[in-house]
Amino acid sequence: MRTSGTARNASREEVGSDELDRSLAQLTWASPSANQSRIAASFLIMSLGMLAHSTAIPPLPKCELGHEIPAHVTLCIVCGAHVGFPNVRYAARKEETEALDKRLADARISATAKGSLDRLEAFGKAVDGSKAVVSRFRADLDAMLSGGGKLMQAYYPAVRAGLRVPQNNEFDPARDPNDARVSPVFYDSLHFAALSLDRLGVPHYGNFAITLREEMIAKRTTVFEENPVKFNERFPASRSRPFPYGYRASWQDRSTLAMAKLQHKIEASTADAEFADILLEKQSDPNAFSDFIEVHVYGPIHPGAFEHVIAEIPDDDLEKLFWDRMKPKLESFGVSFEEVGA
Ligand SMILES: [Zn+2]
């Protein structure tokens with residue numbers, strides 16, 4: 001899948017120079033005057049050169065009254081009408097859905113060739129029931145459950161407010177430009193979660209895995225291929241080609257993205273029990289990089305949107321006390337929970 005995507009991008013870039021060579025050859029051959037043909041050729045070089053280096057930008061969607069909707073807004077900037085959530089609008093663009101459908105069609109062809117199509121379809125069916133899981137540390141969850149419930153801190157507003165410190169690792173210092181490329185201007189309004197089949201999240205972000213209630217997020221949530229830092233390494237930014245299409249999807253289409261992305265990991269012998277670890281790669285070291293499909297939730301997250309918590313409690317009296325104190329609070333919000341040993 002990845003190879004064909006790269007090949008398509010490469011051929012798009014090469015179109016400019018091929019056309020230029022052909023056109024120059026025709027002009028030089030057909031024109032009676034060498035000077036005239038040189039002048040014409042230089043104009044052609046300029047215009048084709050500009051074409052080759054400009055990016056095809058899809059038109060902005062429009063509100064019901066026909067006003068263009070900038071990428072990052074939730075209200076029309078002319079008439080104030082609600083225009084939905086930026087990430088959902090972005091994923092719904094024709095360029096995105098067509099490219100994703102093409103990736104899935106290619107994935108099905110590859111799966112048919114290796115005899116794993118039935119298992120790929122079973123995986124897709126399982127992912128239709130997948131959940132968004134946010135991982136947090138104890139102090140963050142405790143704060144959210146206090147009073148009538150406090151809002152979860154989104155990463156960027158928390159960093160800007162001095163409430164959270166980016167870690168000195170290979171990802172955090174590069175997060176801003178990479179998230180901005182994937183979710184231009186609106187990235188700081190997103191909560192980031194992982195797509196999960198077993199309600200386990202990414203331990204690196206905290207030992208409390210919080211499953212979000214689907215009905216509270218479905219309309220404002222999208223999924224993205226992988227960690228944007230990794231993605232942008234695979235598809236470096238360039239003015240001469242658009243951001244690759246087909247690597248994001250609406251919440252409702254999340255299984256399409258998962259099937260397209262992970263077809264190569266599903267064999268004819270893959271059992272249902274293996275699906276969860278294929279969707280969200282587990283690592284024994286909590287700080288190791290694990291591959292997963294990123295979930296982007298636009299807007300606030302309140303404990304009323306929590307469904308279930310898996311708590312990994314260390315063998316420590318104080319931590320156990322904190323956890324015991326948290327249980328009735330979780331119950332008061334109607335959140336089920338379970339405890340696993342650290
Ligand atoms: Zn409008």
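Residues numbered from 1 in each chain as written. Predicted model: local features only at pLDDT ≥ 70, side-chain atom pairs only at ≥ 80, totals over all residues.

Chemist: Run through the overall build of the protein, naming residues and quoting values.
Modeler: The secondary structure content of the protein amounts to 13 helices and eight strands. Counting across all 342 residues of the protein, residues that qualify as buried make up 30%. In the protein, 76% of the contacts between residues at least 6 apart in sequence involve partners at least 24 apart. (Helix = DSSP H or I, 4+ residues; strand = E, 2+ residues; numbered from the N terminus. Buried ≥ 20, exposed ≤ 12 C-beta atoms within 10 Å, placed from the backbone. Contact = placed C-beta atoms within 7 Å.)

Chemist: Can you tell me about the sheet that holds strand E5 (residues 248-250), naming the residues and giving the values?
Modeler: Here eight strands make up an open sheet; going across it, the order is E5-E4-E6-E2-E1-E3-E7-E8 and the pairing mixed. This sheet does not close on itself; its edge strands, each paired only once, are E5 and strand E8 (336-341). Each strand axis lies, on average, 30° off the axis of its neighbour in the sheet, ignoring direction. Sheet topology places strand E3 (residues 208-212) next to strand E7 (residues 306-313); five bridges connect them, and they run antiparallel. Note on E7: the bridge partner recorded for Ala209 is Ile310. This element, helix H11 (residues 254-262), spans strand E2 (190-196), strand E4 (221-224) and E5 of the sheet and lies at about 155° to E5. (Pairing = 2+ DSSP bridges. Axes fitted to C-alpha atoms, helices over the stretch in contact; angles between N-to-C directions.)

Chemist: So what's going on with the pairing of strand E6 (residues 294-298)? Residues and values would help.
Modeler: Counting buried positions over the five residues of E6 gives five, a clear majority of the element. Where E2 and E6 come together, five bridges link them in antiparallel fashion. The residue bridging Leu190 from the neighbouring strand is Tyr298, located in E6.

Chemist: Can you tell me about H11, naming the residues and giving the values?
Modeler: When you tally the buried positions in H11, you get nine out of nine residues, the bulk of the element. Listing the buried residues of H11 in full gives Arg254, Ser255, Thr256, Leu257, Ala258, Met259, Ala260, Lys261 and Leu262. Buried residues along H11 sit against helix H4 (94-113), helix H5 (117-127), E2, E4, E5 and helix H12 (275-279).

Chemist: With reference to specific residues and values, describe the nonpolar core.
Modeler: Across soluble globular proteins, nonpolar side chains show a tendency to be buried alongside one another. Ala193, Leu195, Leu212, Leu279 and Val309 are the most contacted members of the largest nonpolar core, which has 62 residues in total. With residues near it in sequence (within four places) discarded, Leu195 still touches Ser130, Ala132, Val223, Arg254, Leu279, Leu280, Phe292, Ile293 and Val295. (Core = buried A, V, L, I, M, F, W, Y, C linked by C-beta atoms within 7 Å.)

Chemist: Tell me about the environment of Phe137, residues and numbers included.
Modeler: Within the element layout of this structure, Phe137 appears in the loop between strand E1 (131-136) and helix H6 (138-144). Distance in space between the C-alpha atoms of Phe137 and Phe208 is 5.9 Å, their sequence separation being 71 residues.

Chemist: Provide a residue-level description of H4, including the pertinent values.
Modeler: The terminal C-alpha atoms of H4, which comprises 20 residues, lie 29 Å apart, in line with the 28 Å expected from a rise of 1.5 Å per residue. Residues of H4 that are buried include every one of Glu96, Leu100, Arg103, Leu104, Ala107 and Ala111, and no others. Seen from one end, H4 has its buried residues packed into an arc of 100°, which puts them on one side. The exposed set on the far side of H4, more than 90 degrees from its buried face, consists of Lys94, Glu98, Ala105, Ile109, Thr112 and Ala113. Elements that come into contact with the buried residues of H4 comprise helix H3 (86-91), H5, E5 and H11. With its phi angle positive at about 75°, Gly115 sits one or two positions after the end of H4. (Expected span 1.5 Å × (residues − 1). Arc of directions from axis to C-beta.)

Chemist: Account for the pairing of E7, naming residues and giving values.
Modeler: Pairing analysis gives six bridges linking E7 to E8, with the strands arranged parallel. For Ile310, the partnering residue across the bridge sits in E8 and is Glu338. Running through helix H13 (residues 317-332), the crossover from E7 to the neighbouring parallel element E8 is right-handed. (Right-handed = clockwise from strand over helix to strand, strands pointing away.)

Chemist: Account for unusual backbone geometry, with residues named and values stated.
Modeler: Phi is positive for Val185, which is not a glycine, with a value near 70°. Mapped onto the elements, Val185 comes out in the loop between helix H8 (175-182) and E2. The residue Arg199 is not glycine, and still its phi comes out positive at about 65°. Position of Arg199 relative to the elements: it lies in the loop between E2 and E3. Accessibility expressed as a C-beta count within 10 Å gives 18 for Arg199, which makes it partly exposed.

Note that all results are geometric; they support no functional claim without further evidence.
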